[in-house]
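What the coordinates show
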Amino acid sequence: MKTTQSQSQWRDALLTALAPIIWGTTYIVTTEWLPPDRPFTAALLRALPAGVLLVLWCRRLPAAGFWGRLLVLSALNIAVFQALLFVAAYRLPGGLAAVVGAIQPLLVMALAWAVDQQRPVRLAVWASVAGVLGMAALLLSPDAVWSPVGIAAALAGAACMAAGTFLARRWRPELPVLAFTGWQLLLGGVMLAPVAWVIDPPLPTLSAANLAGYAYLAVFGALLSYALWFRGVARLSPVAVSSLGLLSPLTAVLVGWALLDESMRGLSLVGLVVVLASVLVVQRAMAAPRRAAEPAVCPVPAKA
């Protein structure tokens, strides 16, 4: 039984890891395929269409008393985080824009300690610190542009995602994962709409590449990846889930190296190995019996 549960946890971790891997491609899509200088529009068109599709498919309303918490989660996980993510993506190189996310596991552990009096697992702490150092080694480059606005946006985004991951587990509703995901994307998109309208310039005539970029972000970067992410939040420790977020900047670095000819030095390769080892060690350190998982799909409503 213990072996079966351990295998199931690793399978859940692998499925959840697909989400940050997909998110790691956001930076190259933003810089290469989207119209420039429209971060809030990009965030809006990523979240809102995916949210509408999931809500219409699931047809499940949250409990009356859960709406306040759902609004908080939608702001943290979608609206504020997405806006900050694209601000950072427009102002920093791909790998550097995501590197600050490596502090998320440490932030989640700090939240669990402060709110729930759960002392962090020492091995997970040291592994998370090693992940931050490994990510720094990956991105040591004399050509990196350290935009203060971009760095501040990346830091604030990491804090929002850490809080959202922690609270999504703590406030887990009686909703299927797809419905829970859809409502957060929908409400987060609604929050982003007035910001995009007021701050961003109007969209130009969109090229085929622009349309493909927005479609990719909506289908893969939001609908699929967030469904996998919140499935993982329901089944794994928040610290274990947040540590998988390190795969996002790792992916961004590898994609930048493969497609944009960004440099990968010997120290960078050491950093890559350290980051991967950090993720694996945190997963092992946080392995624990799980509560019953919520269904991963929405039941199809019966016709009248």
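We now turn to the structure provided with this report. Here the structure is a predicted model, which means the values were calculated and not measured.

Quick word on the overall build of the protein chain
Within the protein chain, the secondary structure is distributed over 13 helices and 0 strands. Starting at the N terminus, the α and β elements of the protein chain follow one another as α-α-α-α-α-α-α-α-α-α-α-α-α. By the burial criterion, 54% of the 304 residues in the protein chain qualify as buried. Considering only contacts in the protein chain between residues 6 or more positions apart, those separated by 24 or more positions represent 92%. Accessible area for the protein chain stands at about 14,000 Å²; split by element, carbon and sulfur atoms hold 71% of it.

Observations regarding helix α13 (residues 266-285)
Taking 1.5 Å of rise per residue, 20 residues should cover 28 Å, and α13 covers 29 Å from first to last C-alpha, within 8% of that figure. The complete set of buried residues in α13 reads Ser 268, Gly 271, Leu 272, Val 275, Ser 278, Val 279, Val 282 and Gln 283. Along the axis of α13, the buried residues cluster in a sector spanning 125°; they form a single face. In this structure, α13 carries Val 273, Leu 280 and Arg 284 as exposed residues pointing more than 90 degrees from its buried face.

Remarks on the packing of helix α3 (residues 39-58) against helix α9 (residues 177-199)
The contact between α3 and α9 brings their axes to 7 Å, and the two run at 145°. The interaxial crossing formed by α3 with α9 has left-handed handedness. A per-class count over the contact of α3 with α9 returns 21 nonpolar, 5 polar and no charged.

Here's the deal with the environment of Ser 237
Structurally, Ser 237 is set in the loop between α10 (208-235) and α11 (238-244). Residues Ser 237 and Met 286, spaced 49 residues apart in sequence, show a C-alpha to C-alpha distance of 6.6 Å. Looking at Ser 237, its side chain comes within polar contact range of the main-chain nitrogen of Val 239, at 3.2 Å.

Some thoughts on the side chain of Thr 165
Within the secondary structure layout, Thr 165 lies in helix α8 (residues 148-170). On the basis of relative accessible area, Thr 165 is assigned to the buried category, the value being 1%. Contact partners of Thr 165, with chain neighbours within four places excluded, come to Asn 77, Trp 229, Val 233, Pro 238 and Val 241.

Points about the pattern of salt bridges
Tallying each qualifying case throughout the model produces 3 salt bridges. One salt bridge connects Asp 12 with Arg 235, and the closest N-O pair in it is separated by 3.8 Å. Of this pair, Asp 12 sits in helix α1 (residues 2-23) while Arg 235 sits in helix α10, placing them 223 residues apart in sequence. Comparing Asp 12 with Arg 235, the two get one shared label, buried. With a closest N to O distance of 2.8 Å, Asp 116 and Arg 170 form a salt bridge. One end of the pair, Asp 116, is in helix α6 (residues 104-116); the other, Arg 170, is in helix α8, with 54 residues separating them in the sequence. With a relative accessible area of 26%, Asp 116 lands in the partly exposed category. One salt-bridge network, held together by shared partners, links Asp 12, Arg 231 and Arg 235.

Here's the deal with the packing of aromatic side chains
Within this structure, the stated rule accounts for 7 aromatic pairs. Considering the side-chain rings of Trp 23 and Trp 229, the 5.1 Å spacing of their centres and the 55° angle between planes classify their relative orientation as tilted. Taken as a pair, Trp 23 in helix α1 and Trp 229 in helix α10 lie far apart in primary sequence, 206 residues in all. Relative accessible area serves as the criterion here: at 8%, Trp 23 is assigned to the buried category. Here a set of aromatic residues connected by ring pairs shows up, and it is made of Trp 23, Phe 66, Phe 180, Tyr 226, Trp 229 and Phe 230.

Some details on unusual backbone geometry
The phi angle at Asp 37 is positive, at roughly 60°, despite the residue not being glycine. As for its position among the elements, Asp 37 is in the loop between α2 (26-33) and α3. Accessibility expressed as a relative area gives 56% for Asp 37, which makes it exposed. The backbone phi angle of Gln 117 is positive, close to 55°, even though this residue is not glycine. The class of Gln 117 is exposed, set by a relative accessible area of 59%.

Cut-off values and rules
Residues numbered from 1 in each chain as written. Predicted model: local features only at pLDDT ≥ 70, side-chain atom pairs only at ≥ 80, totals over all residues. Heavy atoms only, no water. Helix = DSSP H or I, 4+ residues; strand = E, 2+ residues; numbered from the N terminus. Buried < 20%, exposed > 50% of the residue type's maximum accessible area, 1.4 Å probe, protein only. Contact = heavy atoms within 4.5 Å. Areas by Shrake-Rupley, 256 points an atom, 1.4 Å probe, with all protein chains shown as cover. Expected span 1.5 Å × (residues − 1). Arc of directions from axis to C-beta. Axes fitted to C-alpha atoms, helices over the stretch in contact; angles between N-to-C directions. Left-handed = near helix turned anticlockwise from the far one by under 90°. Nonpolar A, V, L, I, M, F, W, Y, C, P; charged D, E, K, R; others polar. Polar contact = N/O pair within 3.5 Å; in protein donor to acceptor, adjacent residues only side chain to side chain. Salt bridge = Lys/Arg side-chain N within 4 Å of Asp/Glu carboxyl O. Phe/Tyr/Trp six-rings, centres within 6.5 Å; stacked < 30°, edge-to-face > 60°.

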